[in-house]
Amino acid sequence: MQRKSYQRKQKRVKRTRKVLTLFIAFTSAIVVAFIALRVYVQVAGAPPLTVPKASIFLDENENQIGDHFTNERRYWVGRDEMSPYLAKAVVAVEDKDYYKHSGFDFSRIAGAVLVDLKAGGKVQGASTITQQYARNLYLSHEKSWTRKLNEALYAYRLEVFYDKDEILEGYLNTVYYGHGMYGVEAASRFYFGKSAKDLTLAEAAMLTGIPKGPSIYSPIVNLDKATNRQQVILKLMADQGAITQDEKTRAESEKLVLKNDSWVAAKSVAPFFLDVAWQEASEILKSKNLDISEGGWTIQTTLNLEHQKAAEGAVAKHMPNDDLQTAFVSMKPKTGAVTALVGGRDYATSSFNRVTQAKRQPGSTIKPILYAAALENGYTPLTYLNVGETTFTYDHGRATYAPKNVNGKFANHDMSMAQAIAISDNIYAVKTLEEIGFKAFHNIADRFNVNIGTKDNLSIALGTTETTLYEMTNAYNILASQGKKTTPTTIVSIKNANGDIIYENKEADKEDETVLSKENTYILTEMMTGIFDPVFSDYSPATGIGIRSRMTHTYAAKSGSTNSDQWLIGFTPSLTAGVWNGYDQGKNLTEREDTASTKQIWIDFMEAVNKGTKNEDFAKPKDVKGAVIDIESGKLATDACPKQRLVYMDAKDVPTEKCSNFDILDTNTWGKFWNMLPFSIFKD
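What counts, and where the lines are drawn
Residues numbered from 1 in each chain as written. Predicted model: local features only at pLDDT ≥ 70, side-chain atom pairs only at ≥ 80, totals over all residues. Heavy atoms only, no water. Axes fitted to C-alpha atoms, helices over the stretch in contact; angles between N-to-C directions. Helix = DSSP H or I, 4+ residues; strand = E, 2+ residues; numbered from the N terminus. Parallel < 35°, antiparallel > 145°, perpendicular 65-115°, else oblique. Contact = heavy atoms within 4.5 Å. Nonpolar A, V, L, I, M, F, W, Y, C, P; charged D, E, K, R; others polar. Expected span 1.5 Å × (residues − 1). Buried < 20%, exposed > 50% of the residue type's maximum accessible area, 1.4 Å probe, protein only. Salt bridge = Lys/Arg side-chain N within 4 Å of Asp/Glu carboxyl O. Pairing = 2+ DSSP bridges.

Asker: Hey, could you go over the packing of helix H10 (residues 223–239) against helix H11 (residues 245–253) for me, with residue numbers and the actual values?
Answerer: Across the interface, H10 lies against H11 with an axial gap of 9 Å and an inter-helix angle of 170°. As far as their axial angle goes, H11 and H10 are roughly antiparallel. Contact with H10, carried on its side by Gln-231, Leu-234, Lys-235 and Ala-238, involves Gln-245, Lys-248, Ala-251 and Glu-252 of H11 and no other residues of that element. Here the residues of the contact of H10 with H11 sort into three nonpolar, two polar and three charged.

Put into structure tokens, the structure is as follows:
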């Protein structure tokens, strides 16, 4: 018996030693694991908290006009910029012991494990706010043990390096609230039309209920279910002492007003303009080795909201009820700042930007560029050419070209450049190109940054080479800038997420590059005012006569037309605007309303933005002289010559001969008459 007792005792001792050894080994392994985990965490360092943020657009007066997102719509705000009810509601419903644990709620984890084991898979979660934040930042929402392990590692790292308030702030800025909204600020603006800091208790509880199932608990999707979950959250908050019973009662009775429709409408400010600004900002940042997709940029643009409203209003008023498309852009001289841009009738239907992307034939809007070259090559406003029907021979006599005027008629007399530009005579333009040569035209077009192609064809004098409205309007903006180079821009400045200025468009630092002399620019500009003057009307009326009655300011402009395009571009000393109308598929313009829209949109805009302002005159260089000219003969006008107009030209080109040798009201004429008489008595 003693032997058996001894053996049993020895077995117990061995088992005890074995268990103790295993316990010590297990405990040591756990300690080593925790030490290794701690070392790993310290070596790995703090996990980054950066997430894609919205980039904000401001207008020229620093009012927010829109935003841009890479993948997610979110705005990052600090805890002090959130309603205090948000944090209380989230803690109450998601993790009531949030401020007590170190990233893990082991009692919840144990309960979830038992449920998962019974179900034979991962069905119930026990994630703390820290774990959820880790998942939002670094992981997918896949239900697997591997993801949970990674989630735990990230959660531990977060708890080691960041305090509870930082983690909670991050969670509130990353959680998904449905409808593409990430974070409380984006959600608050979307659902209630206000900043997160202004949310009431009822609104905060409503928002907090959405992330559990955005497709179920969004008040836009199902208001009843959203309200039921809101009341559950309010009860939890009251039970946990986060709010009083009186606060709970008031919140339950508060009627919430959703503002998502207003939010969507607010995002539609100048969408075509914002696309151009985003692209330009992207290129600017790329040149500085920065990536715009990082988000968080504050981009101040050149948009003038009043100009944009005027442009959109003019388009809405004058576009016919058909498929006719439109494009509009306005720019400031000298700076090239784009103040308004409309790239089509409806951005939601088509985001194709017809200002910057559509290449169309500019028609006669190219003629001022051609006549700029002519002025540099000996032409004056009073250079007369025979503009009767003409067939031109080119390609060494192997081909012919017989241009027509828009109404099929031709003048039966010589015509000056001043009149030819006013009525848009095509024969004059082609003859001018033939005489000054293609090289001169290509040279001036390059300086104005206008595409006229590479082939030497006489038809390019009539704008047959495709270009964009953006390009053509900038060319006219150079004229408005007294011949100084301008480059269109939509960007004033760019700041990063920390508020540091990364780029600033400094106008004062720009060097003035002369494209066309100020004398020739002024002469050309004054000729372009002639399209509104009926004195130039001939076989065809001056092209701007139809809107003359609506003008309260002095404008210089030029229209253009092809079978499928209508253009009008013009300017004052302080603003340039261009309009195009046509069909996307190149369909011909046949209806009168289609061809009339362009000029009406342009004059509506110009008169709206200049309303109540003093008329501006173009600055005349001292070497340019004005003379009242008989437009039929090109000589100085007298009262005997009815078709007369003030024409500006180089001082040396002012004529000295009068249009008539006999003027009944001119004393010099009577003096000559008396000298012809044989009777000296009458001469005295």
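Asker: Describe helix H19 (residues 469–480), naming the residues involved and giving the relevant values.
Answerer: The end-to-end C-alpha distance of H19, which contains twelve residues, comes to 16 Å, matching closely the 16 Å that a straight helix rising 1.5 Å per residue would cover. Of all twelve residues making up H19, eleven are buried, and the element is well covered by its neighbours. All of the buried residues in H19 are Leu-469, Tyr-470, Met-472, Thr-473, Asn-474, Ala-475, Tyr-476, Asn-477, Ile-478, Leu-479 and Ala-480. Gln-482 occupies a position one or two residues after H19 and carries a positive phi of about 60°.

Asker: Residue-level account of the pattern of salt bridges, with values.
Answerer: What the rule picks out here adds up to 19 salt bridges. In this structure, the salt-bridge partner of Arg-345 is Asp-322, at a minimum N-O distance of 3.8 Å. Within this pair, whereas Arg-345 is found in the loop between strand E7 (338–342) and helix H15 (367–376), its partner Asp-322 is found in the loop between helix H14 (305–318) and strand E6 (325–331), the two being separated by 23 residues in sequence. Residue Lys-652 pairs with Asp-653 through a salt bridge whose shortest N-O separation is 3.3 Å. Bridged by salt links that share partners, the residues Lys-96, Asp-97 and Lys-100 form one connected network.

Asker: Residues and numbers for the sheet that holds strand E16 (residues 575–582), please.
Answerer: Taken in spatial order, the five strands line up as E7-E6-E16-E15-E14 in an open sheet, and their pairing is antiparallel. Where the open sheet ends on each side, the last strands, each with one partner, are E7 and strand E14 (556–561). This sheet shows a mean twist of 5° between the axes of neighbouring strands, independent of strand direction. Two strands pair when backbone bridges link them, and E6 and E16 are joined in this way by seven bridges, in the antiparallel orientation. In the sheet register, Met-331 faces E16, and the bridge partner there is Thr-576.

Asker: Let's hear about the sheet that holds strand E12 (residues 491–495): which residues, and what values?
Answerer: Here we have five strands laid out as an open sheet, ordered E2-E1-E5-E12-E13, and mixed in their pairing. Each of the sheet's edge strands pairs with one partner strand only, and the pair in question is strand E2 (64–68) and strand E13 (501–504). Averaged over all pairs of adjacent strands, the angle between their axes in this sheet comes to 20°, without regard to strand direction. With four bridges joining them, strand E5 (residues 298–301) and E12 adopt antiparallel strand pairing. Each residue of the ladder has a partner; that of Thr-298, found in E12, is Lys-495. The strands that helix H13 (residues 271–287) touches are strand E1 (55–58), E2, E5, E12 and E13; relative to E12, the one it contacts most, it runs at about 60°.

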